Structure formats: C-alpha cells, structure tokens
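Reading the structure
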Amino acid sequence: MSLTEAEAPAVARSASRRRGRNSSPARSRLARRRRRAGIVLSLPAVALVIALLGLPVGQAVYYSMTQWNGLTATWIGPSTYTALVKDPIFWRVVQNNALLLLAVPVAIGIPLVIAALLNEHVRGWRFFRSVYFLPTAISWVVIGMFALRFFSATGVLNGLLAHLGFGASATDMLAGEHSALAALAITFIWSMVGTNTIIFLTGMATLDPTLVEAARVDGLSRIGIFFRVTLPLLTRFIQFSFVITVISAFSALFSLIFVMTSGGPGFGTTTLEFFIYQAGFQQVQLGTAALYGVVLFVIMAIAGLIQLRLIKPDDGEGW
Amino acid sequence: MTTSRATAQLPQRNTMRLRGKITTAALLLTMVIVAVVMLYPFWYIVDNAFRGQGQYDRQSGHSLGGWRQLFANLPVGGQLLNSTVVCVAAIAIILIVSTTAGFAFAKLRYRGSGLVFLLVVSALMVPLQSILFPEFVNLSNVHLTSSYAGAVLVYAALGTPFATFLMATYYRGISDELIEAAVIDGLGYERTFLQIAIPLSLPAIATVTVLQFIQIWDDLLVGLFFLPTNQRTITAGLATLSTGRTTSVPSLMAGSLISAIPAIIVYLIFQRHLVKGLTLGMGK
C-alpha cells in the first residue's frame with residue numbers, strides 16, 4: 001500500500017477529483033440552504049433597525065426642510081439650513097457643546113492616572129476597581145439628582161468651602177450660565193471615570209510586562225515609564241475612550257440636563273440634544289427639532305465612523 | 001566613584017525598600033481618596049433618604065418622612081413593575097434578533113451579508129434625540145404609544161446594533177467545522193443554531209443581557225416620551241417628580257435609592273460581564 005513520493009500527489013489529486021464530482025450537487029444544495037438560512041435569520045434584526053432607526057433618519061432629513069407641527073408639514077426647502085447657520089441661538093447651543101468638549105481630555109486624563117494606580121496591583125486593588133466602576137451602573141437621573149444638591153447654594157460644595165474658610169465665596173453654581181455649564185461638565189467627568197478607567201485597565205493588562213521591566217532596568221522612574229512606555233502603547237485604547245467620551249458628551253447628557261438645569265439659566269446649559277427636546281416638546285416646532293437632529297446625527301456619524309475603525313469586528317478573541 | 005557605590009550598596013537597598021513602602025502607602029492613600037469621591041454621592045443619597053424635609057434642612061436626625069412622601073407622590077411599586085416589564089420584553093427581543101443575526105453574519109454568510117452587517121452595526125451611531133419626533137409620530141400613528149409596545153420596540157431597536165455586533169464577534173470565535181459537522185449530521189441550520197450555537201454563546205448572551213438591562217433601566221428619554229403617563233418607568237417617574245418644585249429633597253433621595261438598587265445588584269453580581277461588553281473588540 002506504500003506509495004512512492006512521486007505517485008502520492010497524483011493519487012491524492014484523483015481522489016479529490018472523485019470526491020468533488022460525487023458531492024458537488026449535495027454541497028451546493030447545502031450552500032444554498034446555508035445562504036437561505038442566513039438571510040432568514042438576519043432578517044428580523046435588519047427589519048427592526050431599518051423600521052425604527054433608518055426610516056426615521058430619512059424622515060428627519062425631510063422634515064428638517066419643513067415647518068412641521070406633527071400633523072401637517074409645510075415644505076420650505078434646503079433654505080432652512082442656511083437660516084440655521086445665521087441663527088444666533090444655534091451658535092449659542094453649539095458653543096455649549098464645544099465648551100463641554102473641553103471636559104473630554106479631563107474625562108480621559110483622570111481615568112488614565114487611576115488605571116495606572118490600579119495597575120500597580122496594590123493589595124485590595126480589585127475592591128477599588130469595583131468601587132470606581134460602580135457609577136457606571138447608576139442612571140444619569142440619579143447622578144443629576146445628587147449633583148443638583150451638591151452644587152446648589154446650600155449644597156455640599158459650598159458647605160465644604162465654608163468649612164475650609166471660603167465661606168464668603170458661597171455661590172449657587174447652577175444659577176450662573178457659565179458656572180452651570182462647568183457644574184454639568186464636572187458631573188459628566190465624574191460619571192465617565194468608571195467607564196474610561198475600565199477601558200484603560202483592560203489596555204494595561206494587554207501590555208507586555210517585559211517592556212515595563214526593561215524600562216525599569218534602564219533606570220526609568222515610575223512616572224517616566226508611564227509617559228514613555230505605557231502611554232504610547234495605549235494609543236488605541238485612548239482613541240477608543242476618546243470617541244466614547246465625545247459621543248457621550250453629545251448624546252448622553254439629556255437626563256443630566258433635564259434633572260439639573262432644564263437647559264438654563266437662559267441658554268446656559270442647552271446643548272444640541274436638549275434643544276431638540278425644547279424645540280419639539282415645548283415650542284412644538286418639530287421641523288426645527290428635526291433640523292437640529294440632523295446636525296447632531298452628522299456629528300455622531302463622524303464620531304461613529306472613527307469608532308468603527310477602532311473596534312475590530314473580526315477579532316473574536318478575548319472571551 | 002566605583003568604590004563609593006560599592007560601599008553604599010547596603011544602605012541603598014534599605015532606602016529603596018523604605019521608598020517602596022512609602023510609594024505603596026501613597027498609592028493606597030490616593031486610591032482611598034478617589035474611592036471617597038466616587039462613593040460620596042451614594043452615601044449622601046442613603047443618608048438623606050432617611051430624613052424629613054426639616055431634618056434635611058438642619059442636616060440632623062433621621063426618619064422615614066422622605067419615604068412616606070415618596071410613596072404618596074409616586075406609584076413606586078407600579079413604576080418598578082413597569083421598568084421590569086419594559087426591560088424584560090425589550091431584552092427578549094434584542095436577544096432573539098441579535099443571536100439569530102449574529103449567527104447569520106458570522107456563520108451563514110450570503111452575498112452582501114458583510115454589507116448588511118455593516119448597515120445594522122452602523123445604526124449604532126443614530127442618537128435617539130436626532131429622530132425623536134419622527135419616531136414618536138410614526139409610533140403614535142400605529143397606536144403603539146398608548147402601551148408598553150412603543151417603548152419596548154424603541155429600546156429593542158436601540159440595543160440591537162451593538163448586541164448584533166457582540167454576538168457576531170462571539171460566533172466568529174466558534175469553529176466552522178463544528179457547525180458544518182452538525183449540519184451534515186442532519187441537524188439543519190435552524191436546529192444547529194438552537195442546539196449548538198445558542199448553548200455555546202451563553203457568556204455573550206449574559207453580557208448582552210446585563211449591558212441592556214442597565215442601559216434600559218437607567219434610561220430617561222424613551223420612558224419619558226414613548227410611555228403613557230400611567231405606565232412610566234421608575235427612572236422617568238423619578239425625573240418628572242424632580243421637576244415638580246414642591247417635592248422634598250429626602251423623598252427624591254429615597255426615590256433615587258430605590259431606583260438605583262436593582263441596577264446596583266445586577267452590577268455587583270454580573271460585573272465581569274459588564275466589563276467584558278464594554279471593552280469588547282479592544283483586546284490586544
């Protein structure tokens with residue numbers, strides 16, 4: 001039964017040809033069934049997403065060029081967009097969003113430091129990790145409920161300041177336009193600590209410990225290692241958390257604003273997402289709401305496209 | 001230079017050990033301070049939930065005054081039930097459509113399935129605020145905003161893109177041979193999915209469930225817009241209660257506490273799954 005080396009490939013080839021000929025119809029039938037099953041099984045998700053997310057996006061684009069009260073829509077045309085660019089309220093609202101973006105580096109920097117501390121694996125670090133991550137489970141409504149009392153004139157912050165001898169400077173942070181936005185930004189940063197810390201901690205766990213060891217042998221201090229070794233290797237994780245934080249800053253603050261400031265004082269804390277609610281719900285200008293919705297969607301789409309590039313769909317490892 | 005280093009070696013090792021201890025102590029201290037900052041709001045909420053308004057103003061004394069007022073102003077039990085019903089129904093839909101679609105995109109590829117997958121996943125970037133009013137008008141036109149149905153569908157749609165991404169990623173990790181073998185053994189694709197793929201993907205299903213539970217339980221916007229007033233979720237109920245200026249702070253703190261407890265319990269039990277879902281796709 002032994003074959004010479006020269007014979008072996010020829011035998012194998014003819015065997016495979018034979019097998020191919022015999023099973024070809026069965027195989028293609030199987031492939032056809034597989035494709036059909038694939039289409040059937042993916043259909044519900046596709047239908048749900050198209051009906052409840054895709055279609056309304058199209059409608060929002062259409063209604064953004066109309067005057068709409070929910071029942072009748074009067075066509076105006078693309079001129080709504082040029083009018084928008086000339087509208088000072090629009091720029092006031094966009095300015096708030098832009099100012100909130102200033103919180104993003106802080107909402108990344110603090111968790112980076114916290115993750116580096118946890119990554120030293122001091123005794124009990126797992127407990128601290130759980131504690132830092134806990135706010136992730138809490139609704140922004142509850143967080144806002146506390147923040148409202150924290151920043152108010154008789155609140156915790158002013159009590160603390162008075163205790164430290166700054167009693168004279170007691171102010172209601174939520175009463176001033178800029179200080180209210182700052183209070184919102186601080187609350188936002190606090191809320192993002194858990195999520196971003198976990199992302200960075202996951203990143204640090206993937207680092208090759210020999211690199212850190214080598215840097216230590218080379219005489220780099222802990223801080224030197226953090227800046228010169230750890231940070232550069234975490235680039236992808238920092239980009240990822242940057243995108244998540246920006247998306248949250250634009251589209252997750254509704255509850256916080258609703259509970260803390262209702263967008264005020266004045267337009268002090270009215271962001272794009274909150275103005276959509278105000279324009280539609282309070283002023284019943286649903287066309288304007290749709291117009292702002294399209295602007296928000298475009299910003300989110302840009303952030304989302306960056307995010308899609310950062311997460312790798314074909315990487316099934318890590319489970 | 002060399003001789004002095006040699007003689008200094010022993011004390012140097014001692015100082016290094018001392019410095020190591022100081023660093024550890026400083027690290028611990030910093031971590032404790034951060035922990036206080038992260039936990040203080042919870043302490044504040046618990047502390048002030050058990051006060052009356054007068055006790056809150058004085059910041060001394062405890063009672064059940066806040067709770068009594070909360071239960072008088074808010075149908076707490078009913079709203080907790082509403083939250084539960086909406087969560088369970090929406091998560092059930094999300095699990096059904098995301099496991100089937102995830103399996104299809106990973107293992108039953110057809111022409112254009114890659115593009116369809118991208119279409120579903122890219123719906124991730126649609127913020128509900130952008131489509132709030134078209135969505136609301138659509139759903140009320142088909143009479144779905146007078147019951148749980150509208151909110152359940154909106155939550156299901158919002159959760160599906162990421163859940164599908166997660167399930168597809170998971171199913172890609174299962175070997176093709178295993179699936180092929182099951183099909184050739186006569187199970188057929190549908191039963192292979194139900195009897196082989198589903199049991200294998202329980203960890204991913206757990207992750208989707210936990211992530212979605214916390215997201216839906218904590219959400220305000222959908223609960224506020226797509227549910228009739230008498231079927232509001234606890235989070236939406238609490239938020240609307242807080243806009244009433246006459247509501248006492250202790251009753252709001254009591255409401256915050258009771259609305260947060262289910263999410264905290266789920267977090268404490270399933271923390272691992274939550275972390276997994278949050279950082280998926282970021283391995284390496």
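That block above? That's the structure.
Remember, predicted model here, so these are calculated numbers, not experimental data. (Residues numbered from 1 in each chain as written. Chains lettered and ligands numbered in written order. Predicted model: local features only at pLDDT ≥ 70, side-chain atom pairs only at ≥ 80, totals over all residues. Heavy atoms only, no water.)

A closer look at the overall build of chain A
Helix and strand counts for chain A stand at 14 helices and two strands. A total of 319 residues make up chain A; the buried ones form 48% of that total. Within chain A, counting contacts between residues at least 6 apart in sequence, those at least 24 apart form 66% of the total. (Helix = DSSP H or I, 4+ residues; strand = E, 2+ residues; numbered from the N terminus. Buried < 20%, exposed > 50% of the residue type's maximum accessible area, 1.4 Å probe, protein only. Contact = heavy atoms within 4.5 Å.)

Focus: helix α7 (residues 148-172) of chain B
All names here are of chain B. Taking 1.5 Å as the rise per residue, α7 with 25 residues should run 36 Å; its terminal C-alpha atoms sit 35 Å apart, in good agreement. Of all the bends found along α7, the most pronounced is centred on Thr-160 and spans about 40°, while Pro-161, a proline, follows it within four residues. Judged by how many residues are buried, α7 sits mostly within the fold: 19 of 25 residues are covered. (Expected span 1.5 Å × (residues − 1). Bend = angle between axes of the 7 residues up to and from the residue.)

Description of the environment of Ala175(A)
Residue and element names in this part refer to chain A. Mapped onto the elements of the fold, Ala-175 is located in the loop between α7 (156-163) and α8 (177-205). A residue is classified by how much of its surface remains accessible, and Ala-175, at 51% relative accessible area, is exposed. A C-alpha to C-alpha distance of 33 Å links Ala-175 and Ser-64, two positions 111 residues apart in sequence.

Here we look at the packing of helix α9 (residues 209-217) of chain A against helix α10 (residues 222-233) of chain A
Residues and elements named next belong to chain A. Between α9 and α10, the least distance of the axes is 10 Å, while the angle of their chain directions is 160°. Relative to α10, the element α9 lies roughly antiparallel. In this structure, α9 crosses over α10, and the sense of that crossing is right-handed. Packed against α9, whose contacting residues are Leu-211, Val-212, Ala-215 and Arg-216, the element α10 presents Ile-225, Val-229 and Leu-233 at the interface. Of the residues in the contact of α9 with α10, the class split is six nonpolar, no polar and one charged. (Axes fitted to C-alpha atoms, helices over the stretch in contact; angles between N-to-C directions. Parallel < 35°, antiparallel > 145°, perpendicular 65-115°, else oblique. Left-handed = near helix turned anticlockwise from the far one by under 90°. Nonpolar A, V, L, I, M, F, W, Y, C, P; charged D, E, K, R; others polar.)

With respect to the interface of chain A and chain B
Counting residues at the interface gives 90 residues for chain A, matched by 103 residues for chain B. Roughly 8,600 Å² is buried in total at the junction of chain A and chain B, and carbon and sulfur atoms are behind 78% of that figure. Between the two partners, chain A and chain B, sit one salt bridge. One salt bridge in this structure joins Arg34(A) and Glu180(B), with 3.5 Å as the shortest N-O distance. At 22 residues, helix α1 (residues 7-63) of chain A tops the list of elements feeding residues into the side of chain A that touches chain B. The residue makeup of the side of chain A that touches chain B, split by class, is 59 nonpolar, 18 polar and 13 charged. (Buried area = accessible area lost by both parts, 1.4 Å probe. Salt bridge = Lys/Arg side-chain N within 4 Å of Asp/Glu carboxyl O.)

Notes on the packing of aromatic side chains
All names here are of chain A. In the structure shown here, the tally under the stated rule is 36 aromatic pairs over all chains. Here the aromatic rings of Tyr-62 and Trp-75 are separated by 5.6 Å at their centres, their planes lie at 25°, and the arrangement is stacked. With a gap of 13 residues between them, Tyr-62 in helix α1 and Trp-75 in strand β2 (residues 73-75) connect regions that are remote in the sequence. Taking the relative accessible area as the measure of exposure, Trp-75 reaches 48% and is therefore partly exposed. Between Phe-274 and Tyr-277 the ring centres are 5.3 Å apart and the planes differ by 55°, which places this aromatic pair in the tilted class. Of the two residues, Phe-274 and Tyr-277 both sit in helix α13 (residues 272-282), three residues apart, roughly one turn of that helix. Taking relative accessible area as the criterion, Phe-274 reaches 1% and is therefore assigned buried. (Phe/Tyr/Trp six-rings, centres within 6.5 Å; stacked < 30°, edge-to-face > 60°.)

Concerning the nonpolar core
One finds Tyr132(A), Phe258(A) and Phe226(B) to be the most contacted residues of the largest nonpolar core, which totals 185 residues. No other element matches the 15 residues that α8(A) contributes to this core. Residue contacts for Phe226(B): discarding those within four places in its chain leaves Leu128(B), Leu132(B), Glu135(B), Phe136(B), Leu139(B), Thr145(B), Ser147(B), Gly150(B), Ala151(B) and Val154(B). (Core = buried A, V, L, I, M, F, W, Y, C linked by side-chain atoms within 4.5 Å.)

Quick notes on the packing of α13(A) against helix α14 (residues 286-310) of chain A
Residues and elements named next belong to chain A. Orientation of α13 relative to α14, taken along the N-to-C sense of each, is 165°, at an axis distance of 8 Å. By the criterion of interaxial angle, the relationship of α13 to α14 is roughly antiparallel. Regarding α13 and α14, the two cross each other, and that crossing is left-handed. Contacts from Leu-272, Glu-273, Phe-275, Ile-276, Ala-279 and Gly-280 of α13 reach α14 at Leu-286, Thr-288, Ala-289, Tyr-292, Gly-293, Val-295, Leu-296 and Ile-299. A per-class count over the contact of α13 with α14 returns 10 nonpolar, three polar and one charged.

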